[in-house]
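Now for the letters of each chain:
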Amino acid sequence: MASSSALPRERAREAALAHAVDEGLLGPGSPLVGLLDVDGVLAAVNALKEAFEGPATVHHTFAAKACGLVPVLRLLAEAGMGCEVASPGELEQALAAGFSPGRLVFDSPAKTVGELEFALDHGVAVNVDNFQELERVDRLLAGREPAGPVGLRVNPQVGAGAIGAMSTATATSKFGVPLRDPGAVDAVIDAFARRPWLNRLHAHVGSQGCPLPLIAQGIGAAYALAERINHQLGHARITGLDIGGGLPVNFGGEDDRPTYADYVAELRRATPGLFDGRYTLVTEFGRSLLAKSGTIGSVVEYTKSAGGRRIAVTHAGAQVATRTVFMPDAWPLRVGVFDPAGRPKEGPHQVVDIAGPCCFAGDLTATARELPAIGPGDVVALYDTGAYYFSSHFSYNSLPRPAVYGYRTDASGRVRLALIREAQTVREVVEESGLSHADALVALCADGPGQGPSR
Ligand SMILES: *Cc1c(COP(=O)(O)O)cnc(C)c1O
């Protein structure tokens, strides 16, 4: 589907920003926009598929939480991906995008009875998180076979990467059955011995900040356990290994590093048997498929100086760059500066902080950056924001969700845009804020015990 004549990613992004400004999609009346490079997304999918080519059957799923926008999910479905979902909303988004239940993997750590019933009846693959959940599944099945594969998530407890909040395989992680706890391996083997329908193991070691050897070590532990279970049960009960996602993204530069090929090479080195075809492999990549194809564009509303510190006030802050604002050292973003026509700015650099619109002092997307001098009306772009940024809105200050457009380019520089998500209107913000219950509290005070509000 990807055309080979698309511009290189950097030039495509510049062309798309300029086009968005020309079209009035980014400008005074519309100061914030999300842009997604469709050719870039499809290239990432192809790189993923190529890296895993081999004798083993592989089901690649996209982790919906990284970008749960229905047109994006549909594009990925068309490109042959499955989808990993972890909430009722993500499940419905994936179904609306056209994934059949058999192409879904359901991973929430807090699955309700209703969610489990749906998954077990419709052939959604389920990764059970813990022994209580396994007993719940026993009760729901009541002797029936589940319609799809059922796995058990294990925590290999291999430790943390550079970002604690992104590390799911620590000794005390909330996810999965902790394999190194006393008696845990025997309990897992026993759980498989008692349940003929339990046929997968799942391990997701972590996301951004986890080095490849750590991820490979965790997956290796799940593989070793699968081998042991199959040996002990005397047959190949475990037929699938879900190895999770978590390939780190290079937020510091333009190149894709590490690549999916690097990841697979590391896994092959650590666990050669993983790829020999005895196990169906399932992957669940999110960030690495989308991040580098996304850009947030914002108009600079004002520039100012305070105590010698230069500040550019934009419309992109914690509402679209939540992690970067709250954990700036863990989630730095590259910043580009463009003139009011959307053309790259040149000229002498100045040290500047890039601020967002939210009313707290820490609402900064970059600090002390050397950038071309910024003035009001310029455009600031936040790069590599295709996953977990404009798609993971935080409604601080009741700021509306921005519009998101997908773009494709051709070799001549022509840009075509498609609306992925409309901007939320201020009216919608108010409606979602309990507007239809506007009288509720005043009414409660009017006829309850004690006094009503006095003026
Ligand atoms: C978040 C998550 C993923 C995707 O992680 P990325 O770092 O975005 O690749 C995959 N599997 C599970 C279980 C997750 O929670």
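In what follows, the structure referred to is the one given above.
Residues numbered from 1 in each chain as written. Predicted model: local features only at pLDDT ≥ 70, side-chain atom pairs only at ≥ 80, totals over all residues. Heavy atoms only, no water.

**Section: the pattern of salt bridges**
Scanning all chains against the criterion turns up 21 salt bridges. One salt bridge connects glutamate 254 with arginine 334, and the closest N-O pair in it is separated by 3.0 Å. Here glutamate 254, found in the loop between β9 (240–242) and α9 (260–270), pairs with arginine 334, found in the loop between α11 (322–326) and β13 (335–338); they are 80 residues apart in sequence, far enough to count as distant. Each member of the pair, glutamate 254 together with arginine 334, is buried. Salt-bridge contacts for lysine 345 lead to aspartate 378; the nearest nitrogen and oxygen are separated by 2.4 Å. Linking lysine 345 in the loop between β13 and β14 (349–355) with aspartate 378 in the loop between β15 (364–372) and β16 (379–383), this pair joins segments that are 33 residues apart in sequence. Under the relative-accessibility criterion, lysine 345 is labelled partly exposed at 25%. Accessibility expressed as a relative area gives 3% for aspartate 378, which makes it buried. Members of the salt-bridge network, linked through shared partners, are Arg9, Arg13, Glu254, Asp256, Lys292, Arg334 and Asp384. (Salt bridge = Lys/Arg side-chain N within 4 Å of Asp/Glu carboxyl O. Helix = DSSP H or I, 4+ residues; strand = E, 2+ residues; numbered from the N terminus. Buried < 20%, exposed > 50% of the residue type's maximum accessible area, 1.4 Å probe, protein only.)

**Remarks on the packing of aromatic side chains**
Inspection of every chain in the model, using the stated rule, returns ten aromatic pairs. A ring pair is formed by phenylalanine 52 and tyrosine 263, whose centres lie 6.2 Å apart and whose planes are at 50°; its orientation type is tilted. Of this pair, phenylalanine 52 sits in the loop between α2 (38–51) and β2 (58–63) while tyrosine 263 sits in helix α9, and the two are 211 residues apart along the sequence. According to the relative accessible area criterion, tyrosine 263 is buried, its value standing at 1%. Both rings, one in phenylalanine 326 and one in phenylalanine 360, keep their centres 5.6 Å apart while their planes meet at 5°; by these two values the pair is stacked. Taken together, the residues span a long stretch of sequence, with phenylalanine 326 in helix α11 and phenylalanine 360 in the loop between β14 and β15 at a distance of 34 residues. The exposure class of phenylalanine 360 is partly exposed, given its relative accessible area of 22%. (Phe/Tyr/Trp six-rings, centres within 6.5 Å; stacked < 30°, edge-to-face > 60°.)

Structural measurements only, silent on function.
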